[in-house]
Amino acid sequence: MKPLPAISLAHPAELVVSLVTAVFTPWIAAGIALLIGFFASYLTALSWADLTFVLPATAFGNVIVALLSRFWLHEPISLARWAGILLITVGVGFVAHGPSRTEIPAELETAREVIAK
Amino acid sequence: MMLALTAPTPGPLPSPLTAASMIAAVVLCSTAGEVLTAAAMKSIGDLDDIRAHSGMKGAIRAVVTCPLFFAGVGCLALAFFSLLFALNHLNLSLVAPASASLTLVTNAVAGKIFLKENVDRRRWTAAVLVCIGVYLLAH
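In what follows, the accompanying structure is described.

In the Ramachandran plot, A:His74 falls in the positive-phi region, its phi being about 55 degrees despite a non-glycine side chain. Relative to the assigned elements, A:His74 resides in the loop between helix 4 (60-71) and helix 5 (79-97). The phi angle at B:Lys116 is positive, at roughly 55 degrees, despite the residue not being glycine. On the secondary structure map, B:Lys116 appears in the loop between helix 4 (92-114) and helix 5 (121-138).

Quick look at the structure:
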């Protein structure tokens, strides 16, 4: 957003033009496409795994962002942040070792099939 | 009125109670959104199976015809706007880590209560470790 001119709320017509221009800027368009991809993958994961499995696992994205900013953007990372990266990695390792979905008892499954029929 | 690029003039910070209420609103809306979305996806069933049977269009139709899904997305949108509201009054260094880490714990509780998920010791440990980790990383 930084190379774009400041967006003004004073003239609604200009606001719409500014927003449309922003959406078709290559970096923003790529960002929106990636966010749509994220949401689609997230929904697919939720369709076969528990929320309490998916949420801690997706928190690993924070670690990737921190490592990218360290090695790509050469930003400094404090000791507390390295500790945070370590804790998230250990947490994701913990949850990933367990089952991804709560097993539904057989009789409940049968009841569901009866209802579905 | 100009947006962004110029830092706002710092005003007086809200009282701790008001600040806690703003963060609580973000956490509550976000948790409700996540739980409703997860419930919707569970009721729809495995999207990979649906896609194998009815193709990509069938999978998209299954999602967009589920009212629970829209309730979830509505709550997530509300969480986003309450986050913007909180950021308008509070410091980013307080709101971002507090809301991100608290949401993980409230989701574990809500998952156990509302989605009847088996939150065992392993998942509790993971939720708490990731919660502290996100706090340290975002602070």
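So much for the structure itself; the text now carries on.
Let us now look at the packing of helix 4 of chain B against helix 5 of chain B. The relative placement of two packed helices is expressed as an angle between their axes plus a distance between the axes. Residue and element names in this part refer to chain B. Packing of helix 4 against helix 5 brings their axes to within 8 Å, and their N-to-C directions diverge by 175 degrees. By the angle class used here, helix 4 and helix 5 are roughly antiparallel. Residues Ala-96, Pro-97, Ala-100, Ser-101, Leu-104, Val-105 and Ala-108 of helix 4 pack against Arg-123, Trp-124, Ala-127, Val-130, Cys-131, Val-134, Tyr-135 and Ala-138 of helix 5. Considering only residue class, the contact of helix 4 with helix 5 consists of 13 nonpolar, 1 polar and 1 charged.

A few words now on the packing of helix 3 (residues 51-58) of chain A against helix 5 of chain A. All names here are of chain A. At a minimum axis separation of 9 Å, helix 3 and helix 5 run at an interaxial angle of 150 degrees. One element, helix 3, and the other, helix 5, form an angle in the roughly antiparallel class. In the crossing of helix 3 with helix 5, the sense of the turn from one axis to the other is left-handed. From helix 3, Phe-53, Pro-56 and Ala-57 reach across to helix 5, where they touch Gly-91, Val-92, Val-95 and Ala-96. Its residues assigned to classes, the contact of helix 3 with helix 5 comprises 6 nonpolar, 1 polar and no charged.

Quick notes on the rules
- Residues numbered from 1 in each chain as written.
- Chains lettered and ligands numbered in written order.
- Predicted model: local features only at pLDDT ≥ 70, side-chain atom pairs only at ≥ 80, totals over all residues.
- Helix = DSSP H or I, 4+ residues; strand = E, 2+ residues; numbered from the N terminus.
- Axes fitted to C-alpha atoms, helices over the stretch in contact; angles between N-to-C directions.
- Parallel < 35°, antiparallel > 145°, perpendicular 65-115°, else oblique.
- Contact = placed C-beta atoms within 7 Å.
- Nonpolar A, V, L, I, M, F, W, Y, C, P; charged D, E, K, R; others polar.
- Left-handed = near helix turned anticlockwise from the far one by under 90°.

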